[in-house]
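Residue-level structure breakdown
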Amino acid sequence: MKYNNIYVDGILSDITVDNGVITAVEPCPTNTVPDDPAFAIPGFANLHTHSAMTLLRSAGSGLPLFEWLNNAIFPRETKLTPEKVYEGALDACNEMKSTGTTAFNDMYFHIESTIQAAIETGLNANIALSVTDADFGNGNVKNFVDGLEKILKTISNTKITTSIAPHAIYTVSGKNLQYLADFAKEHDMLFHMHLSETQKERMDCIQQFGMPPVKYLEKLKILDKTGSRFIGAHALWLDNDEIQILGEHKANVVHCPNSNLKLGSGFRFLYTELRDAGVNVTLGTDGCASSDNLDMVEAMKTMSLLQKGIRNNPSILPADEVLGVATRNGRKALRLNDNDIKTGNVADFIIIKLNKQIFKNIDIINSTPTQRYTEFLNRLIYAGNGNYVSQTITQ
Ligand SMILES: [Zn+2]
């Protein structure tokens, strides 16, 4: 398969793909600007979502997290059947694919349904079974684990992994968290949980256990057991000691800026501090009930604007860096190889046509490749959204 006349890093190129692998990225023999120019960039990795929540899109708007969960979300979720979850997850996968996401990290129940939807749309995914204390059913952990192992045995698709997702420290006891961390370690699985999403979660943890959430997890040896397999969604309310602890364990965190803003959970995500401490910072949308869509371009824009705003510094998090957070870093957390567009890498990229309004007047002729690429990327992130993606290639 050949993709001709596409700008890769600003250079007009032909991309050759064989059996899902990029076998050549060569400059076009002619340097004439094509009539219908296009740019290719790597596909996005959405590191925190609840796919089937497309069924609850925009539900409970205006409520803070705990009221939102208890009054708008949990009552609706009790009515969701496996068939409904499949419908919602399929909608989500199609939405993700059409807006440029090629890999996602999910947390929900009826995971067989989400697995089916991901396989049908051809996306890479880690699909985690969300667990609370109630799922342990009066200490009957064995049934639960047997169920998950049964699901694991039925999956033969190489693009899908499954894992464990304890919902949060306030819905899963320390003892059960330890049990799940041992289970994840034994099966070499990712360990995906909500972490320090709200100030209330942090304050409640300090009140109950005498320490903030990350220190609590460290004390329980959860971070020792999971390390780089730990994926903490939100990680919004952290102190410097907690950031260092996450860094020492090479943990991953997921920033979900649109969800945090919509639920009024906060906005001071400590990106630079986390990055510099060695934490792998990734980006996610969260489910459609709190982020309303699954658009990673929009998430990149919000993340970038927040960092510039809270630090009064427009040079923080330039476009190519936020793209790395939304692509390479996410894939690293999912233990997927990077998808930079180069020979030998997996063919996993998206194509964006430049004939759209927001890209008009990019100076293709007189600019250097770097200038062209930078201008394109800034316009995509700040003026565009995922609907500008015209083709998603994923293997
Ligand atoms: Zn979530």
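Everything numeric here is computed off the predicted structure, so don't read it as measured data.

Attention shifts here to helix 14 (residues 369-383). For helix 14, built from 15 residues, the straight-helix expectation of 21 Å at 1.5 Å per residue is met to within 8% by its first-to-last C-alpha distance of 20 Å. Residues Arg372, Tyr373, Phe376, Leu377, Leu380 and Ile381 constitute the buried set of helix 14. Projected onto a plane normal to the axis of helix 14, the buried residues spread over an arc of 145 degrees and lie on a single side. Check the buried side of helix 14 and you find it contacts strand 1 (2-8), strand 4 (38-42), helix 12 (296-310), helix 13 (319-333) and strand 13 (349-353).

With that settled, the discussion passes to the nonpolar core. Counting 91 residues, the largest nonpolar core has Ile41, Leu177, Phe191, Leu246 and Phe376 as its most contacted members. Counting contributing residues, this core receives three or more from each of domain 1 (2-43 + 339-393) and domain 2 (45-333). Filtering out sequence-adjacent residues up to four positions away, Leu177 remains in contact with Pro166, Ile169, Val172, Phe191, Met193, Tyr216, Leu217, Leu220 and Ile222. If you look at the next biggest cluster of nonpolar residues, it comprises 14 residues, including Leu56, Leu65, Leu263 and Ala289.

Looking at the protein chain, the domain boundaries give domain 1 (2-43 + 339-393) and domain 2 (45-333). Contact with domain 1, which involves 21 residues of that partner, is made by 22 residues of domain 2. A buried area of about 1,700 Å², summed over both sides, lies between domain 1 and domain 2, and 61% of it is on carbon and sulfur atoms. Put simply, domain 1 and domain 2 have two salt bridges between them. Here Asp340 ties to Arg328 by a salt bridge, and the two come within 3.5 Å at their closest N and O atoms. On inspection of domain 1 and its partner domain 2, the count reaches six residue pairs in polar contact (both at pLDDT 80 or more). Of all the elements in the fold, those that place two or more residues in the side of domain 1 that touches domain 2 are strand 4, helix 14 and strand 14 (389-393). The element contributing the most residues to the side of domain 1 that touches domain 2 is helix 14, with six residues. By residue class, the composition of the side of domain 1 that touches domain 2 is eleven nonpolar, eight polar and two charged.

Criteria and thresholds
- Residues numbered from 1 in each chain as written.
- Predicted model: local features only at pLDDT ≥ 70, side-chain atom pairs only at ≥ 80, totals over all residues.
- Heavy atoms only, no water.
- Helix = DSSP H or I, 4+ residues; strand = E, 2+ residues; numbered from the N terminus.
- Expected span 1.5 Å × (residues − 1).
- Buried < 20%, exposed > 50% of the residue type's maximum accessible area, 1.4 Å probe, protein only.
- Arc of directions from axis to C-beta.
- Contact = heavy atoms within 4.5 Å.
- Core = buried A, V, L, I, M, F, W, Y, C linked by side-chain atoms within 4.5 Å.
- Domains from an automatic or database assignment.
- Buried area = accessible area lost by both parts, 1.4 Å probe.
- Salt bridge = Lys/Arg side-chain N within 4 Å of Asp/Glu carboxyl O.
- Polar contact = N/O pair within 3.5 Å; in protein donor to acceptor, adjacent residues only side chain to side chain.
- Nonpolar A, V, L, I, M, F, W, Y, C, P; charged D, E, K, R; others polar.

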